Structures are given as structure tokens and as C-alpha cells.
Amino acid sequence: MRIDVLTLFPDMLRPMLGESILGRAAENGLIDVRLHDIRDYTLNKHHNTDDYPFGGGAGMVMYAQPICDAVRAADPDHTAHRIYLSPRGRTLDQKIVEELGREEHLLLLCGHYEGVDQRALDLCIDEEMSIGDYVLTGGELGALVLIDAVSRMVPGVLGSAESGEDESFTTGLLEYPQYTRPAVYQGMAVPEVLLGGNHADIEAWRREQSLEITMRRRPELLDTAPLTDADRAILARLRAAENAIASLGIPAERLLLREADAFEKRWFNTFVPEEKRKAAKKQCFSGRRHVGYLWQAFSMGFIDSEETLPEGCFSGANLLYLPEEKILLRVSGEPAVSGSAVLCDEAMTYTRVSTGRKALGPYLAKI
């Protein structure tokens, strides 16, 4: 890909273009970025490139003549898609980046001062492009942003074809968190799932994280992201978890959905004696029955219910499972829950099962 950049300040761009991925891409002939100093094309005897605006107003406006001559010198046959970096243009996003990445030749015009004589744009420019709803002193930084983003679309610029596939916005979602060595830094551990080597679990974790981060930070992206039915089900559970945490009124955090999915059998195998599990499974997990009805393990005698539990057994960190929402929370203290819920201390020594029915429970057990 060839990119011509027309600017009054080419030295602003050279350091960035010569370093890291862009520098290597240029060395390997994958991108060809050519800088053109607009001052070299002015016919003004004082080499000025700007003047006061007609009609008055603050700032200076760049002449049309040196811009038009520079454009024609850089792109005499108009083979390039010509872009003026301007806050009036389309706002650059990943879809536009991918669109521009299919071009073989781009020309970028960097304005400065108050702006550019409109006649230069009408004569020489195909479109205006913005990198966001704010104003910069010139188009050079915008040009660098566009060059960096578009260059990533050129085959071979990134070390691996997969490197750009999971980036924020490429999938329509924000990217999942990344970690590297050491596994523990200042007491903060890398999520265990990333260390286990199970690629299916890792992919599921990454998708869940992307969906949650997008939901919290850029929820409008979910309206256009290519979501599957599984994604929508995950989002429903994530929203249910947020609502539950907000309603509890005590410190709480959501645990991974895969941990929530495993909780039912984990709880069952902890509190139902081994000799009774086979029979209990038929009552609690077969047909329409599920962990939401685990109180049946008590009512049918598979677990011996305690009248009371030791005072303070739920005073620390606990696990709260909400079966209707299929979410698992780590909570501080003993929350008041109106519906069906399973509460355990983190060591899973004590449990309280609320049925959500006035005539039944709650049931208490310990091991």
C-alpha cells in the first residue's frame, strides 16, 4: 500500500513512521509512506502558505494553490483515494479502516491553523475524515492514527494473521483483557483459566469478557455487533448479575459463568452424602427439575437439615447462587434474598437454601 501525506510539518510524522510495526512494514516493502512538504509548492515569494480569512475571523487559512499543486505532483493521475483530515468528516471507525485497507493508494492532506481554503478541497479531495469529536492543532496526528490503523489491514504487517482478528472493534466488541508473565504480580494473579491450557475454556472466557466489557463501556456497540444466540444468552446472564448485585446492597462480585454452570453439581456432591447421590440425582436433576429445586434434597431426606448453624458462619466471604438467573456471586456477609437462592461459605462447609416459597424452608446444612 502506498500512502502520500501532504503536510506543513513532515518532521512531526517521521519518528512515528520509522519505529515499531510501521517502521518494519516500511523496511519490508509492505507499506510505502511518502511525506510531502506543502511549503515546497508555494508560489508566494515569501514562501507563505496561509493568509487571513475573507470575511474576518480568528486564525489563518491555508492557500489553495500550494495544496492543489502538491496533490497533483503526488497523485498526477488521481489513482489515490484523497482524504482531508478534518473534524467535519466521517468519523473513523473499524469498518472504515477495513474499507480503506482495501485501497492500494491513499493521499492524506493535513490541514493546520484555522483550516484550508475550500476551493482546494473542492478541486482535489475525495472526502473528509475525522478521528473524533474534538479539535487538534493540525491534521498530522489524525494522519498518523489513520496510517497506523489502516496499515494493520495490510497482509504481513502484523506478525500473525490472527493478531488483528480479536482486537477491539474488529469483532464488533471491545477486546478482552490480556496478561503475560509473571503469573502473580503484586498479589494479583492471572485468571486461572488462562493457565490451564484448555483452549475451549480460554475462548469462552475471552468471549464472556469481551461481551461484559462492551456491555459496561460501549453498550451501543451491541446493537450492531454480530451476536450469536449464545452471546445473547450470556448478555442476559451478565445483565441479571448486574441487577442482582445492585439490589443486594452489600459488596458483591460476579464469578465466571462457567463457575456458575459448575456450581450445581459442586454443591450437590458436597452436601449430599455419597451413598444417597444416585437416588437424589433422579429427583433433583432429571426432567424439569434442576438446582432451583434442591430443597427437595432436604424434603426427601437426602440431606439432613439443621435447625440452626453456628453463629457467624456466613460473616465472611460467601458464594451466592441464584438458580433462576444461573449466576454465581461472591458476597460479603449474609444477604437477604427474596427468591430462590443457595448460599455457602467459600469453603463450602455450611449452606442455606432458600426456596422463595413462604411455606418451605429455608433449609440449613453443614458437613
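Residues numbered from 1 in each chain as written. Predicted model: local features only at pLDDT ≥ 70, side-chain atom pairs only at ≥ 80, totals over all residues. Heavy atoms only, no water.

Student: Mind showing me how you'd approach the packing of aromatic side chains here?
Tutor: By convention here, two paired aromatic rings are described through the distance between centres and the angle between planes. Inspection of the entire model under this criterion finds 4 aromatic pairs. A cation sits over an aromatic face here: Arg39 above Phe9, 5.7 Å from the ring centre. (Phe/Tyr/Trp six-rings, centres within 6.5 Å; stacked < 30°, edge-to-face > 60°. Lys NZ or Arg CZ within 6 Å of the ring centre and 35° of its normal.)

Student: It is not clear to me how the packing of helix α4 (residues 94-101) against helix α6 (residues 140-151) should be interpreted in this structure. Could you clarify?
Tutor: A pair of packed helices is captured by two measures, namely the crossing angle of their axes and the spacing between those axes. Direction vectors running N to C along α4 and α6 enclose 70 degrees, while the axes themselves pass 9 Å from each other. Our classification of the angle between α4 and α6 gives roughly perpendicular. Along the contact surface, α4 presents Val97, Leu100 and Gly101, while α6 presents Leu146, Ala149 and Val150. (Axes fitted to C-alpha atoms, helices over the stretch in contact; angles between N-to-C directions. Helix = DSSP H or I, 4+ residues; strand = E, 2+ residues; numbered from the N terminus. Parallel < 35°, antiparallel > 145°, perpendicular 65-115°, else oblique. Contact = heavy atoms within 4.5 Å.)

Student: Got a minute to help me understand the environment of Arg88 in this structure?
Tutor: Secondary-structure assignment places Arg88 in strand β5 (residues 81-91). Using a relative accessible area of 55% as the deciding quantity, one classes Arg88 as exposed. As a C-alpha pair, Arg88 and Pro335 span 247 residues in sequence and 53 Å in three-dimensional space. Residues within four places of Arg88 in sequence aside, it is in contact with Gln118, Leu121 and Glu128. Here Glu128 takes part through its side chain, which lies 2.8 Å from a polar atom of the side chain of Arg88. (Buried < 20%, exposed > 50% of the residue type's maximum accessible area, 1.4 Å probe, protein only. Polar contact = N/O pair within 3.5 Å; in protein donor to acceptor, adjacent residues only side chain to side chain.)

Student: Looking at this model, I keep getting lost on the pattern of salt bridges. Mind explaining?
Tutor: Any two side chains of opposite charge can pair, given that their charged atoms come close. In total, this model carries 21 salt bridges according to the counting rule given. Salt-bridge contacts for Glu212 lead to Arg216; the nearest nitrogen and oxygen are separated by 3.1 Å. Here Glu212 and its partner Arg216 are both found in helix α7 (residues 199-217), 4 residues apart, which amounts to about one turn of the helix. With a relative accessible area of 10%, Glu212 lands in the buried category. Among the ionic pairs, Arg352 bridges to Glu334, the shortest N-O distance being 2.4 Å. Of the two residues, Arg352 sits in strand β15 (residues 350-354) while Glu334 sits in the loop between β13 (327-332) and β14 (341-345), which places them 18 residues apart along the sequence. When its relative accessible area of 46% is taken as the criterion, Glu334 is described as partly exposed. (Salt bridge = Lys/Arg side-chain N within 4 Å of Asp/Glu carboxyl O.)

Student: Could you clarify how one ought to interpret the sheet that holds strand β7 (residues 115-116) in this entry?
Tutor: The strand order β3-β4-β7 describes an open sheet built from 3 strands, whose pairing is mixed. Across the chains shown, the open sheet's two edge strands, defined by having one partner strand only, are β3 (50-51) and β7. Direction of pairing for β3 relative to strand β4 (residues 61-62): antiparallel, over a ladder of 2 bridges. Within β4, the position partnered with Asp51 by the bridge is Val61. (Pairing = 2+ DSSP bridges.)

Student: Honestly, helix α8 (residues 229-248) in this entry has me stumped. Any pointers?
Tutor: Think of an α-helix as turning once every 3.6 residues; residues three or four places apart then point the same way. If you check α8, its first and last C-alpha atoms are 29 Å apart, about what 20 residues at 1.5 Å a residue would give, namely 28 Å. Taken as a whole, α8 has its buried residues at Asp231, Ile234, Leu235, Arg237, Leu238, Ala240, Ala241, Ala244 and Leu248. Of the residues flanking the end of α8, it is Gly249, one or two places downstream, whose phi is positive at about 80 degrees. (Expected span 1.5 Å × (residues − 1).)

Student: Whenever I open this one, the pairing of β15 confuses me. Can you help?
Tutor: The two faces of the sheet receive side chains in turn, since in a regular strand these alternate between them. Summarising burial for β15: 4 of the 5 residues are buried, a large majority. Relative to β15, β14 runs antiparallel, the two sharing 4 bridges. Residue Val342 lies in a different strand from β15, and its bridge partner there is Val353. The hairpin formed by β14 and β15 contains 4 residues between the paired strands, and Met348 there has a positive phi angle of roughly 55 degrees.

Student: Explanation requested: unusual backbone geometry in the structure shown.
Tutor: Glycine aside, negative phi is the norm for most residues, and most peptide bonds take the trans geometry. Of note, the amide linkage connecting Arg181 to Pro182 takes the cis form, showing an omega dihedral of 0 degrees. With an omega of 0 degrees, the peptide bond between Gly361 and Pro362 qualifies as cis. Mapped onto the fold, Pro362 is located in the loop between β15 and β16 (363-366). In the Ramachandran plot, Ser20 falls in the positive-phi region, its phi being about 55 degrees despite a non-glycine side chain. On the secondary structure map, Ser20 appears in helix α2 (residues 20-27). A positive phi angle, near 60 degrees, is found at His47, a position not held by glycine. Turning to its location among the elements, His47 is positioned in the loop between β2 (32-37) and β3.

Student: Honestly, the environment of Met12 in this entry has me stumped. Any pointers?
Tutor: Position of Met12 relative to the elements: it lies in the loop between β1 (2-7) and α1 (14-17). If we skip the residues at most four places from it in the chain, Met12 touches Glu140 and Leu144.

Student: Any chance you could explain the pairing of β1 here in plain terms?
Tutor: Summarising burial for β1: 5 of the 6 residues are buried, a large majority. Pairing of β1 with β2 involves 6 bridges; the strand directions are parallel. When the sheet's bridge partners are listed, Ile3 is paired in β2 with Val33. Pairing of β1 with strand β6 (residues 105-110) involves 5 bridges; the strand directions are parallel. Among the inter-strand pairings, Leu6 is bridged to a residue of β6, identified as Leu109.

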